[in-house]
Amino acid sequence: IKAALCQYGPINTAVNATSGFIAYTGGVFNENDPGLVNHAVNIVGWDDSKGAWLMRNSWGSNWGDGGYMWIKYGSNR
């Protein structure tokens, strides 16, 4: 995924948008809900020191951290 980000730019993916996901306001989101994926997002970067992807959501800048989320590698699929 990291190599593809460098070569092609943002990557479309899907996650399990739980109530915890919806309520995200900052930090590194780390939830391992086994439910089905139900929401499309874009991976736009990463930070290995955080062990997380930088994800852009479509819900506008009032959601999360200015419309973005740090999501732990493997979290919510």
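As the structure is a prediction and not an experimental result, all values here were calculated from the model. (Residues numbered from 1 in each chain as written. Predicted model: local features only at pLDDT ≥ 70, side-chain atom pairs only at ≥ 80, totals over all residues. Heavy atoms only, no water.)

Asker: How should I be thinking about the pairing of strand β4 (residues 52-56) in this particular structure?
Answerer: When a strand is regular, its side chains alternate between the sheet's two faces. Alignment of strand β3 (residues 39-47) against β4, held across five bridges, turns out to be antiparallel. Bridge pairing in β4 places Gly45 opposite Leu54. In sequence, β3 turns back onto β4 through a hairpin of four residues, with Gly51 there showing a positive phi of about 65 degrees. Here β4 pairs with strand β5 (residues 68-72) via five bridges, running antiparallel. Pairing of Met55 across the sheet is with Met69, part of β5. (Pairing = 2+ DSSP bridges. Helix = DSSP H or I, 4+ residues; strand = E, 2+ residues; numbered from the N terminus.)

Asker: Teacher, can you tell me more about the sheet that holds β3 here?
Answerer: Each strand in a sheet pairs with another by means of backbone hydrogen bonds, the pair being arranged parallel or else antiparallel. What the five strands build is an open sheet, ordered β1-β3-β4-β5-β2; its pairing is mixed. On the outer flanks of this sheet lie β1 (11-15) and β2 (28-29), each paired with one strand and no other.

Asker: I keep staring at the pattern of salt bridges and nothing clicks. Help me out?
Answerer: Pairs can form between side chains of opposite charge whenever their charged atoms are close. Counted according to the given criterion, the structure contains one salt bridge. Two residues, Lys2 and Asp48, come together in a salt bridge whose shortest N-O distance is 2.6 Å. Of this pair, Lys2 sits in helix α1 (residues 2-8) while Asp48 sits in the loop between β3 and β4; the two residues are 46 residues apart in sequence, bridging distant segments of the chain. (Salt bridge = Lys/Arg side-chain N within 4 Å of Asp/Glu carboxyl O.)

Asker: I'm lost on the nonpolar core in this one. Help?
Answerer: When a protein is soluble and globular, its nonpolar side chains tend to lie buried together. Of all hydrophobic cores here, the largest spans 15 residues; its most connected members are Phe21, Tyr24, Phe29, Met55, Trp63, Met69 and Ile71. For this core, the elements supplying multiple residues, two or more each, are β3, β4 and β5. For Met55, the contacting residues outside a window of four places in its chain are Phe21, Val41, Asn42, Ile43, Trp63, Gly67, Tyr68, Met69 and Ile71. (Core = buried A, V, L, I, M, F, W, Y, C linked by side-chain atoms within 4.5 Å. Buried < 20%, exposed > 50% of the residue type's maximum accessible area, 1.4 Å probe, protein only. Contact = heavy atoms within 4.5 Å.)

Asker: Teacher, can you tell me more about the pairing of β3 here?
Answerer: Bridging between β1 and β3 involves five bridges; their strand directions are antiparallel. Within the sheet, the bridge partner assigned to Ala14 lies in β3 and is Ala40.

Asker: I keep staring at the side chain of Ser75 and nothing clicks. Help me out?
Answerer: Looking at the secondary structure, you find Ser75 in the segment after β5. If we skip the residues at most four places from it in the chain, Ser75 touches Phe29, Asn30, Glu31 and Asn32.

Asker: Just checking my understanding: could you explain the packing of aromatic side chains for this structure?
Answerer: Any pair of aromatic rings gets described here by the distance separating the centres and the angle formed by the planes. Going through the model one piece at a time under the given rule, you end up with seven aromatic pairs. Taken together, a centroid distance of 6.4 Å and an interplanar angle of 90 degrees make the contact between Tyr24 and Phe29 edge-to-face. Taking relative accessible area as the criterion, Tyr24 reaches 6% and is therefore assigned buried. A residue is classified by how much of its surface remains accessible, and Phe29, at 9% relative accessible area, is buried. Among the aromatic residues, ring-to-ring pairing joins Phe21, Tyr24, Phe29, Trp59 and Trp63 into one connected group. (Phe/Tyr/Trp six-rings, centres within 6.5 Å; stacked < 30°, edge-to-face > 60°.)

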